[in-house]
Amino acid sequence: MYAEMTQDDRKKRLDQQIDENLRKVYQSTLEEEVPDRFHDLLRKLREQGRPE
Amino acid sequence: MRGDPRDEIPEYLAAMRAFAMSLTRDPSSADDLVQDTVVKAWTNIGSYTPGTNMRAWLFTILRNHFYTQRRRLRRETADSEGAFAARLAEKPAHDGRLALRDFAVAFAQLPDEQREALVLVGASGFSYDEAARMTCVPAGTVKSRANRARRKLAELLGLEAHEEMEMTDRATRAVMSGQGRQGL
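Residues numbered from 1 in each chain as written. Chains lettered and ligands numbered in written order. Predicted model: local features only at pLDDT ≥ 70, side-chain atom pairs only at ≥ 80, totals over all residues.

K.L.:
I would appreciate a short explanation of the overall build of chain B in the present structure.
P.N.:
Within chain B, the secondary structure is distributed over nine helices and zero strands. In chain B, the succession of helices and strands from N to C terminus is α-α-α-α-α-α-α-α-α. For chain B, buried positions account for 38% of its 184 residues. When contacts within chain B are restricted to residue pairs at least 6 apart in sequence, those whose partners lie at least 24 apart make up 63%. (Helix = DSSP H or I, 4+ residues; strand = E, 2+ residues; numbered from the N terminus. Buried ≥ 20, exposed ≤ 12 C-beta atoms within 10 Å, placed from the backbone. Contact = placed C-beta atoms within 7 Å.)

K.L.:
Would you mind showing me how to read the interface of chain A and chain B here?
P.N.:
Many analyses report the size of an interface as the accessible area lost when the parts associate. With 25 residues of chain A in contact, the opposing surface of chain B contributes 31 residues. For the side of chain A that touches chain B, the secondary structure elements donating two or more residues are α1 (2-30) and α2 (36-49) of chain A. At 17 residues, the largest contribution of residues to the side of chain A that touches chain B is made by α1 of chain A. Across the side of chain A that touches chain B, the residue classes tally to twelve nonpolar, six polar and seven charged. (Nonpolar A, V, L, I, M, F, W, Y, C, P; charged D, E, K, R; others polar.)

K.L.:
Any chance you could explain the packing of helix α6 (residues 112-123) of chain B against helix α8 (residues 139-156) of chain B here in plain terms?
P.N.:
How two helices pack is summed up by the angle between their axes together with the distance between the axes. Residue and element names in this part refer to chain B. Relative orientation of the contacting elements α6 and α8 amounts to 100°, with a least axis distance of 8 Å. With respect to α8, the axis of α6 lies roughly perpendicular. Residues E113, Q114, R115, A117, L118, V121 and G122 of α6 lie in contact with α8, whose contacting residues are V142, R145, A146, R148, A149, R150 and K152. Looking at the contact of α6 with α8 residue by residue, the classes come out as six nonpolar, two polar and six charged. (Axes fitted to C-alpha atoms, helices over the stretch in contact; angles between N-to-C directions. Parallel < 35°, antiparallel > 145°, perpendicular 65-115°, else oblique.)

K.L.:
Got a minute to help me understand helix α7 (residues 128-135) of chain B in this structure?
P.N.:
Since the α-helix advances by 3.6 residues per turn, residues separated by three or four positions end up pointing in the same direction. Residue and element names in this part refer to chain B. Within α7 the residues assigned to the buried category are A131, A132, M134 and T135. One face of α7 carries all of its buried residues, which in axial projection span an arc of 165°. Structurally, α7 contributes buried residues whose contacts are with α3 (54-73), α6 and α8. Immediately downstream of α7, the backbone of C136 shows phi near 60°, a positive value. (Arc of directions from axis to C-beta.)

K.L.:
So what exactly am I meant to see when it comes to the confidence of the model for chain B here?
P.N.:
All names here are of chain B. Scored by pLDDT, chain B comes out at a mean of 81, with 72% of its residues at no less than 70. Element-level mean pLDDT values for chain B span from 48 in helix α9 (residues 169-179) up to 97 in α7. Below a pLDDT of 50 lies the segment residues 89-95, which in the model reaches three contacts outside its immediate sequence neighbourhood of four places, other chains included. Within the model, pLDDT remains below 50 along residues 176-184, and this stretch shows nine contacts once partners closer than five positions in the same chain are excluded. For this predicted complex, the interface score ipTM comes out at 0.82, alongside a pTM of 0.77. (pLDDT = per-residue confidence, 0-100.)

K.L.:
Honestly, the environment of R55 of chain B in this entry has me stumped. Any pointers?
P.N.:
All names here are of chain B. Topologically, R55 is positioned in helix α3. R55 sits in the partly exposed class, given 19 other C-beta atoms within 10 Å. Taking the C-alpha atoms as reference, R55 lies 12 Å from R6; in sequence the two are 49 residues apart. Not counting residues within four places of it along the chain, the set of residues in contact with R55 comprises Y12 and A15.

K.L.:
How should unusual backbone geometry be read in this particular structure?
P.N.:
One can expect most non-glycine residues to show negative phi and most peptide bonds to be in trans. Residue and element names in this part refer to chain B. Even without a glycine there, the phi angle at R25 is positive, about 60°. Within the secondary structure layout, R25 lies in the loop between α1 (13-24) and α2 (27-43). On the basis of neighbour counts, which here come to 25 C-beta atoms within 10 Å, the residue R25 falls in the buried class. Here C136, not a glycine, exhibits a phi torsion of approximately 60°, which is positive. When you line up the elements, C136 lands in the loop between α7 and α8.

In structure tokens:
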């Protein structure tokens, strides 16, 4: 019984560690500088699009 | 002009790129996806309800577009598995770089829906309910996809529930041999 509980706890901890690693991988992309093409695109959309 | 929600779009560019990268696993496809998403969001801003979660709104447009395109291009594109990971390897060294790269390589092997579910709830901080609304499936489906993703990752990385995820040499070897892909 005790062993089953710890098995569950360990699984939970493993899941937390997986999520933690995922966040690190995700974060490294998140921190990349956004390429200029997107700011250019938004500028163009703003220039041509805004009704008033 | 005051309070045009479109002015908020730039704040979410980085998040959209990260989400797109996790879906496409390829930097140039990811950026194309973000570009299409920005244009769609800009022109359909009327469907956004001010005051609601703009990130969720943008992510929904992005993933819908991804799946529409995927259906269209099904199997036509070259497998870019690991491109997400390979890109990480170009980054300046930081602690655990190799381990994270292994993780990313394994992550790239998961089915699209599982990667999506895990990124939304595991990395982006959405609740199961939010992710369910965004992906148009019940919350239970999101949950089971995320759990299957975690189990598969543990398997690919050679981890068992009784082991610590230390990203040991053993885990590294498991990924490398299972995948035959290196280049660091």
